[in-house]
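Residues per chain, in single letters:
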Amino acid sequence: MKTIIEPFRIKVVEPIRMTTPEERASLLAEAGYNVFLLRSEDVLLDLLTDSGTSAMSAEQWAGIMRGDESYAGSPSYYRFEEAVKEVFGFEQVIPTHQGRAAERILFETLCGPGDLVPSNTHFDTTRANVEAVGAQAVDLLVPEGLLPAEPHPFKGNLDVDRLRELLEEEGVDRVPLVMLTLTNNSGGGQPVSMANIREVSQLCRSHGIPLYMDACRFAENSYLIRLREEGYSDRPVAEIAREIFSYADGCTMSAKKDGLANIGGFVATNDAELARKQRNILILTEGFPTYGGLAGRDLEAIAIGLREVLDEDYLEYRLASVRYLGERIAAGGVPIVQPPGGHAVYIDAAAFLPHIPPLELPGQTVVTELYIEGGIRGVEVGTVMFGRRDPKTGEERPAPMELVRLALPRRVYTQSHVDFMVEAILDFADRKESVGGDRFTYQEEVLRHFTARFEPLD
Ligand SMILES: *Cc1c(COP(=O)(O)O)cnc(C)c1O
């Protein structure tokens, strides 16, 4: 059989409230043209994020009932710890309420003012947490990662030559850790190859610098290694994942992604002394080390999710549905980041709407138009999210790329939902010349995309 099916049946359903384009146009205006400010009942197909939006399995719901809510020493914690050790192989496991709490604890214990933290590309919360301790987040993506139309199997790779240069020019002492984001979320959901992970690890180890993985989508990255990298086509995905983490000193994780859970995260390391310091910070703001800001039931859901996410039938379906969406809209003439990544399809808004310059926010226009057209909620990953405004002069600097991310929640939408997405996107493509750009009417200094308000330009 050629057809790949969803490897699950549906036991519980959530109705979708149908709306018309006219209703959506007025809901959007009320929300200041920021789709983060819409109510989710007003969205038909929510591709805002794959974070915390997974459908849990019957096993996970059973785990929820088994959750033990003891303050200290809960068996749910020990099941969680065992799953993390089995899948990732790190000695010290510290639960947190989500990924960004793990990041804050990691950077607070490893970095200080003036430090540099290189990565392939820092995710927005990662960058913000590096900057919050006075350090500087440095993105060293390979050049092909910035060429949306260029098909390359591992566009998430870190540019090892530039890392070597940075260590020589800035001094090893200024670099307390290196990070790799698997897959590279902000750069198009593109995977990092095992060869690149190995090379970055060797360079870090030769200088005694710890390497940490931002492991949010480790299973998707592992499966893409299996599909695309020589020597891995018949290796079990769980084994590929273990090899990845064997090259690292620790990781941060958002269980809301490849944990198949609705909340949760952790920081893990092999450094017992570092973990001791991290647990002290944890107690201050997250909770006791055997729950870390989570309910026992959440720990159970994560422990089960971390194993389910490595199921190869699941991963085959997951990657196939993302690829299907990407290939169908690309075939209809919509420029996307090629090839489609692990969790999302990224429309190249700069190439799609060439009549709208970056500072008139073409990605924001694509996002609002897809909502009006088909009730689809995507997210801008361009100048709104990553551009910078000079606080003194008010001058705007555009981001390197103008992308729109359509992230597919895990195990949530079916093939006909994806067909509907394709139709709506192609219908908008037919009238794209008629739309103009947008401008900010309100913005905050930090993570402005969440709260900004906009106005369409004529
Ligand atoms: C989501 C995400 C995070 C942050 O995790 P939260 O659980 O949302 O706090 C960090 N890095 C990457 C790559 C992510 O996708």
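Some remarks on the side chain of Arg 411
Part 1 of the reasoning: Structurally, Arg 411 is set in the loop between strand 14 (403-407) and helix 16 (415-430).
Part 2 of the reasoning: Classification of Arg 411 as buried rests on a relative accessible area of 15%.
Part 3 of the reasoning: A polar atom in the side chain of Arg 411 sits 2.9 Å from the side chain of Gln 60.
Part 4 of the reasoning: Of note is the side chain of Arg 411, whose polar atom sits 3.0 Å from the side chain of Glu 308.

Section: the site of the ligand
Part 1 of the reasoning: Neighbouring residues of the ligand: 15 residues in total, closest Arg 100, Asp 214, Arg 217, Ser 254 and Lys 257.
Part 2 of the reasoning: Here Gly 99 contributes a backbone N or O atom positioned 2.9 Å from an oxygen atom of the ligand.
Part 3 of the reasoning: Contact between the ligand and Asp 214: a nitrogen atom at 2.6 Å from a side-chain N or O atom of the residue.
Part 4 of the reasoning: Within the complex, 97% of the 380 Å² of free accessible area of the ligand lies under protein.
Part 5 of the reasoning: For the shell around the ligand, the elements supplying multiple residues, two or more each, are helix 4 (99-110) and helix 5 (124-132).
Part 6 of the reasoning: Broken down by element, the residue count for the shell around the ligand peaks at 3 residues, all from helix 4.
Part 7 of the reasoning: In terms of residue class, the shell around the ligand is made up of 2 nonpolar, 7 polar and 6 charged.

What about the pattern of salt bridges?
Part 1 of the reasoning: Applying the stated criterion across every chain, the model contains 30 salt bridges.
Part 2 of the reasoning: Notably, a salt bridge pairs Arg 235 with Glu 243, separated by 3.1 Å at the nearest N-O pair.
Part 3 of the reasoning: On the basis of relative accessible area, Arg 235 is assigned to the partly exposed category, the value being 23%.
Part 4 of the reasoning: Look at Glu 243 and you get buried, because its relative accessible area is 14%.
Part 5 of the reasoning: Three or more residues joined by partner-sharing salt bridges are found here, namely Asp 50, Arg 217, Glu 220, Asp 258, Arg 318 and Arg 410.

Regarding the pairing of strand 5 (residues 178-181)
Part 1 of the reasoning: Residue alternation in strand 5 divides its side chains into two sets, Val 178 and Leu 180 and Met 179 and Thr 181, and both sets are buried.
Part 2 of the reasoning: Once you follow strand 5 into helix 7 (residues 194-207) and on to strand 6 (residues 211-214), the crossover reads as right-handed.

With respect to unusual backbone geometry
With glycine set apart, most residues show a phi of negative sign, and most peptide bonds adopt trans.
Part 1 of the reasoning: Residue Thr 183 is reached from Leu 182 by a cis peptide bond, and omega for that bond is -25 degrees.
Part 2 of the reasoning: Mapped onto the fold, Thr 183 is located in the loop between strand 5 and helix 7.
Part 3 of the reasoning: Cis rather than trans, the peptide bond between Gln 338 and Pro 339 has omega equal to -10 degrees.
Part 4 of the reasoning: Take Pro 339: it is sitting in the loop between helix 12 (312-331) and strand 9 (344-348).
Part 5 of the reasoning: Located in the positive-phi region is Leu 260, a residue other than glycine, with phi close to 50 degrees.
Part 6 of the reasoning: Mapping Leu 260 onto the fold places it in the loop between strand 7 (250-254) and strand 8 (265-269).
Part 7 of the reasoning: What makes Leu 260 buried here is its relative accessible area of 0%.

Thoughts on the packing of aromatic side chains
Part 1 of the reasoning: One pass over the structure, following the stated rule, counts 15 aromatic pairs.
Part 2 of the reasoning: With 5.7 Å between their ring centres and 40 degrees between their planes, Tyr 71 and Phe 288 make a pair best called tilted. Of this pair, Tyr 71 sits in the loop between helix 2 (58-66) and helix 3 (75-88) while Phe 288 sits in the loop between helix 10 (272-285) and helix 11 (296-308), and the two are 217 residues apart along the sequence.
Part 3 of the reasoning: Taken together, a centroid distance of 6.2 Å and an interplanar angle of 45 degrees make the contact between Tyr 77 and Phe 80 tilted. Highlighted residues: Tyr 77 and Phe 80, both in helix 3, separated by 3 residues, approximately one helical turn.
Part 4 of the reasoning: Residue classification places Tyr 77 among the buried residues on the basis of a relative accessible area of 4%.
Part 5 of the reasoning: In this structure Phe 80 comes out as buried when scored by relative accessible area, which is 0%.
Part 6 of the reasoning: An aromatic cluster is defined as three or more aromatic residues linked by ring pairs; in this entry it consists of Tyr 77, Tyr 78, Phe 80, Phe 88, Phe 90, Phe 218, Phe 245 and Phe 266.

Procedures and definitions
Numbers given for residues are sequential positions, taken from 1 along each chain in its written order. Thresholds applied to this predicted model are a pLDDT of at least 70 for local features of residues and 80 or more for the giving and counting of side-chain atom pairs; totals over whole chains, interfaces and linings are not thresholded and use all residues. Heavy atoms from the whole structure form the basis of all side-chain values; hydrogens and water molecules are not counted. Runs of E in the DSSP output that reach at least two residues are strands. Runs of H or I that reach at least four are helices, and both are numbered from the N terminus. Burial here depends on accessible area, computed with a 1.4 Å probe over protein chains only, as a share of the maximum for the residue type. Under 20% is buried, over 50% is exposed, and the range in between is partly exposed. In the analysis that follows, any N or O atom pair within 3.5 Å is treated as a polar contact, provided that within protein one partner can donate a hydrogen and the other can accept it, and provided that, for residues neighboring in sequence, both atoms belong to side chains. One heavy atom within 4 Å of a molecule or strand makes the whole residue count as near it. In these tables, accessible area is a Shrake-Rupley quantity obtained with a 1.4 Å probe, and a residue counts as shielded only by the protein chains included in the view. Gly is put with the polar residues, along with every residue not named as nonpolar or charged; the nonpolar set is Ala, Val, Leu, Ile, Met, Phe, Trp, Tyr, Cys and Pro, and the charged set is Asp, Glu, Lys and Arg. Any Lys or Arg side-chain nitrogen found within 4 Å of a carboxyl oxygen on Asp or Glu counts as a salt bridge. Here, the term right-handed applies to a crossover whose path from the first strand over the helix to the second runs clockwise when the strands point away from the viewer. Two rings from Phe, Tyr or Trp (for Trp, the six-membered ring) form a pair when their centres are within 6.5 Å of each other. A pair whose planes differ by under 30 degrees is stacked, one over 60 is edge-to-face, and the rest are tilted.

Just distances and angles here, no functional claims.
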